[in-house]
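Chain residues, written in single-letter form:
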Amino acid sequence: MSQLADDAAGAAEDRPRAIATRVSGADLAFRAVVRAAGLLVLAITGLIAAFLVDRASSTLHAVGWRFLTNFQWILNDNKLGVGAILPDTIIIAVIALIVAVPMALAAALFISEYAPQWLQRPLIALIDLMAAIPSILYAIWGFFWLMPRFIGTERWLSDHLGFIPFVKVPGSYQPGNFEDSTFLAGLVVSLMVIPIIASISRQVFSQAPQGEREAAYALGSTRWGMIRTVVLPYGRGGVIGAVMLGFGRAMGETIVTAIILSQVFTIVTHPLQSGGNSIAALIAQDAAESTPAMISALIAAGLVLFIVTLIVNAIGATIVARSRSGLQTAD
Amino acid sequence: MTATSAPETSHTELIAPPRPAPERIRLHAVTADEVFPLLGSAAGAIALVWVLFQRVLPFTGALGFWVCCYGLFLILYAAVTAMQSGRRAVTDRLAAVAAASAALFALAVIAVQIGYITFRGWPAVTHLNFWTQTMQATGSLQPLTSGGVVQGMVGSLEQLGIATLLAVPLGVLAAVFLAEVGGLLAHPVRIIVTAMTALPEIVAGLFVYATVILTLGTRQDGLAAGLALTVMMLPIVTRASEVMLRMVPNSLREASYALGASQWRTVWNVVLPTARSGLTTVSVLGMARVVGETAPLLFTAGLTNFLNANPFHGPQTGMPLLIWAFIRITPTANMIERGFGAGLVLLIMVLILFTAARVLGGKAPGELTRRQRRRIARDARIRQITGRKP
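Residues numbered from 1 in each chain as written. Chains lettered and ligands numbered in written order. Predicted model: local features only at pLDDT ≥ 70, side-chain atom pairs only at ≥ 80, totals over all residues.

1. What about the overall build of chain B?
Part 1 of the reasoning: In terms of regular secondary structure, chain B is built from 16 helices and zero strands.
Part 2 of the reasoning: In chain B, the share of contacts with a sequence separation of at least 24, taken over all contacts with a separation of at least 6, comes to 72%. (Helix = DSSP H or I, 4+ residues; strand = E, 2+ residues; numbered from the N terminus. Contact = placed C-beta atoms within 7 Å.)

2. Some points on the overall build of chain A
Part 1 of the reasoning: Scanning chain A for helices and strands turns up twelve helices and two strands.
Part 2 of the reasoning: Written out in order from the N terminus, the α and β elements of chain A read α-α-β-β-α-α-α-α-α-α-α-α-α-α.
Part 3 of the reasoning: Against the 2.2 N^0.38 benchmark of 20 Å for 331 residues, chain A shows a C-alpha radius of gyration of 27 Å, more extended than a compact globule.
Part 4 of the reasoning: For chain A, with 331 residues in total, the buried portion stands at 48%.
Part 5 of the reasoning: Considering only contacts within chain A whose residues lie at least 6 apart along the sequence, 78% involve residues at least 24 apart. (Rg over C-alpha atoms; globule rule 2.2 N^0.38 Å. Buried ≥ 20, exposed ≤ 12 C-beta atoms within 10 Å, placed from the backbone.)

3. Details of the interface of chain B and chain A
Part 1 of the reasoning: Residue-level contacts link 86 residues of chain B with 85 residues of chain A.
Part 2 of the reasoning: No other element matches helix α4 (residues 87-125) of chain B, which puts 19 residues into the side of chain B that touches chain A.
Part 3 of the reasoning: Tallied by class, the residues present in the side of chain B that touches chain A amount to 62 nonpolar, 16 polar and eight charged. (Nonpolar A, V, L, I, M, F, W, Y, C, P; charged D, E, K, R; others polar.)

4. A look at the nonpolar core
Buried together is how nonpolar side chains tend to be arranged in soluble globular proteins.
Part 1 of the reasoning: One finds A107(A) and I197(A) to be the most contacted residues of the largest nonpolar core, which totals 207 residues.
Part 2 of the reasoning: The biggest single contributor to this core is helix α3 (residues 85-114) of chain A, with 19 residues.
Part 3 of the reasoning: Residues lining this core come from more than one domain, with at least three contributed by each of domain 1 (32-125) and domain 2 (150-374) of chain B.
Part 4 of the reasoning: Excluding residues within four positions of it along the chain, I197(A) makes contact with A100(A), V101(A), A104(A), A242(A), V243(A) and G246(A). (Core = buried A, V, L, I, M, F, W, Y, C linked by C-beta atoms within 7 Å. Domains from an automatic or database assignment.)

5. Remarks on the confidence of the model for chain B
Residue and element names in this part refer to chain B.
Part 1 of the reasoning: Residues of chain B with pLDDT of at least 70 account for 89%, and the chain-wide mean is 84.
Part 2 of the reasoning: Segment residues 1-10 is flagged for pLDDT under 50; beyond a separation of four residues in sequence, or across chains, it makes seven contacts in the model.
Part 3 of the reasoning: Under the prediction, the complex receives an ipTM of 0.85, its pTM being 0.84. (pLDDT = per-residue confidence, 0-100.)

6. Overview of the domain arrangement of chain B
All names here are of chain B.
Part 1 of the reasoning: When the domains of chain B are assigned, the result is domain 1 (32-125) and domain 2 (150-374).
Part 2 of the reasoning: With eight residues of domain 1 in contact, the opposing surface of domain 2 contributes eight residues.
Part 3 of the reasoning: Per-class residue counts for the side of domain 1 that touches domain 2 are five nonpolar, two polar and one charged.

7. A short note on helix α7 (residues 186-197) of chain B
Part 1 of the reasoning: The end-to-end C-alpha distance of α7(B) is 17 Å, a good match for the 16 Å that twelve residues give at a rise of 1.5 Å each.
Part 2 of the reasoning: Taken together, the buried positions of α7(B) are occupied by V189(B), R190(B), I192(B), V193(B), T194(B), A195(B), M196(B) and T197(B).
Part 3 of the reasoning: Residues of α7(B) that are buried make contact with α2 (25-63) and α12 (292-322) of chain A together with α6 (150-181) and α9 (222-246) of chain B. (Expected span 1.5 Å × (residues − 1).)

8. Topic: the packing of helix α14 (residues 319-329) of chain B against helix α15 (residues 333-360) of chain B
Residue and element names in this part refer to chain B.
Part 1 of the reasoning: For the pair α14 and α15, interaxial distance at closest approach is 8 Å and the crossing angle is 160°. Taken together, the axes of α14 and α15 lie roughly antiparallel to each other. In the packing of α14 onto α15, the handedness of the crossing is left-handed. Packed against α14, whose contacting residues are M319, P320, L322, I323, F326 and I327, the element α15 presents M335, I336, R338, G339, A342, G343, V345 and L346 at the interface.
Part 2 of the reasoning: Along the lines of polarity and charge, the residues of the contact of α14 with α15 split into eleven nonpolar, two polar and one charged. (Axes fitted to C-alpha atoms, helices over the stretch in contact; angles between N-to-C directions. Parallel < 35°, antiparallel > 145°, perpendicular 65-115°, else oblique. Left-handed = near helix turned anticlockwise from the far one by under 90°.)

9. Points about the packing of helix α4 (residues 117-132) of chain A against helix α7 (residues 182-206) of chain A
All names here are of chain A.
Part 1 of the reasoning: Packing of α4 against α7 brings their axes to within 8 Å, and their N-to-C directions diverge by 145°. As for how α4 packs across α7, the hand of that crossing is left-handed. Between α4 and α7, the contacting residues are I127, M130 and A131 on the first element and I194, P195, I196, A198 and S199 on the second.
Part 2 of the reasoning: Classifying every residue of the contact of α4 with α7 gives seven nonpolar, one polar and no charged.

10. Some details on the environment of S57(A)
Part 1 of the reasoning: When you line up the elements, S57(A) lands in helix α2.
Part 2 of the reasoning: Taking C-alpha positions, S57(A) is 9.1 Å from A297(A), a pair spaced 240 residues apart along the chain.

11. Remarks on the environment of I236(B)
All names here are of chain B.
Part 1 of the reasoning: Looking at the element boundaries, I236 is found in helix α9.
Part 2 of the reasoning: Taking the C-alpha atoms as reference points, I236 and E293, separated by 57 residues in sequence, lie 13 Å from one another.
Part 3 of the reasoning: In contact with I236, not counting residues within four places along its chain, are T197, G286 and R289.

Have a look at this one:
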């Protein structure tokens, strides 16, 4: 009390007091340690790139830039390349996204906008569980349960929607024509991508400002009208980022493609037809043949996959980070 | 002057005497108008499609049946709603139905998967030897009464332990960096961490193979597999932990600083304890995510039928790799049965971890347990009656 009175009395020569926080030694050490931990994550990513480049160099030297365009995978003549399997990888990922994006967005909207309060937690747990189920279980489920049940549908699509390009399966009908198809692999991969897109989108949607929602309702909007005019525009950035992250995940999916697809080395033009490939599946299936030349070739393929997914994911992550999600601190 | 001269108002005067609660208007009540069109359209759709499939058109197949049912249901529901109310209501209700069915679809996928794995794996896991023996002396044609997967269980648990020991402390530290310290570096680190959460699993395996096994010259063993899992787990834990730390209210940090605590003290005594339950959930969820990863083990763990409890020497297989071997390398009927059995065991491990994560934590920072809430309510009552602190 008296201190305050004194201050007020000397108000004439009031000067702002210099505020200099002295950072203690413990604080400096603390900051150094956590900064090192953050740097380590960067370092690991850098190391992955460096070691993959190092180990892939013998193949890349022998094959050169044609590694990106070669269709074959013949080790002896150095006729190696990802010219066919990189497009195949992307085709699988695109099929997965076509199925997963509407599903994931609808599920995210249901959780954040429609579900009653008591149902939200269990549904979030459900999506988490979907992400936690091991990929090998998705793979054996897709191979043993889904594939036999799906061949009929694939045949129906081919017979009746064959006028759409790429849908028709050439040749006369045999069940074997439709097994192990790229489309089936994409479908199973889509189930693994749904939780990634759904959980990020849900977080973004639930951060849409309450005031704007209420304003939309006050103007007489229906719930869907509110979602269309407030929630979706607010969440657009986050959703785009989430889709890109899902795309990266779908391209890197290994076990499902390795178990479901029967390997071919051409660009898949008929996704319903048996046979397909992806970089990850190729690496997984040839892992057993570990001669040094083969390993180097596989690592070179892995390097291509790593670079492509890292670029896609980094763009996605930047968009998610820009969309304000997960960056605010509660007050 | 600056001193406040108003008398202290006591709490008792502010609390109004209890009144009978007025009857509340329920805003979210479900009316018959909303329920019966749904049920009616669903019944109508199923009946109509049944007639079409069974009596009129030469269609068969369960999948086609249900897809047609769903499409027809949407059409009927739209028509019924259009008869009741206008076009705006039609889009509104259709959007609600589409969103709900997507959530139902996710539920159905999980239910079918867990059901199918349990159904196919059941014959194998009901044999006690499946839990106690290894595949050491069992050929691919021998019946299920011989051989087991104990080597995979031991391997998976040890590799998961190594990954957890490395990834959780490091991940939480990196999250503290992102959420508490920040700076110029924080942005690139956050981008890379998020990008790494979608790192292809096989690349993690290749990386550890190229670094540890090819460069350092060790053999395939449990440690290498654990390191590969660490690479997978680190970004998951870091990203989710950062979200948890950011949910800690800023007012708590400011209160701590106002009491003169240093940054290090604030993080250690205020931020981390507040986020404890969330961080536990995040870590255990991370464990559940990586324990089922197959691809990182392909190059690193080494496949063996022998029990190897030492992760630092010799090949040590893990559960997912074992399933891969059963299904892929020697796919006889019995081995596929074993594969599904091992799948069920792996599923149980994941579900245990998943449930543990929900039980251990799952609360937002600052959210109180039921007991804490009860105590606060009791103290408030005592204060109300006696007019002073209990």
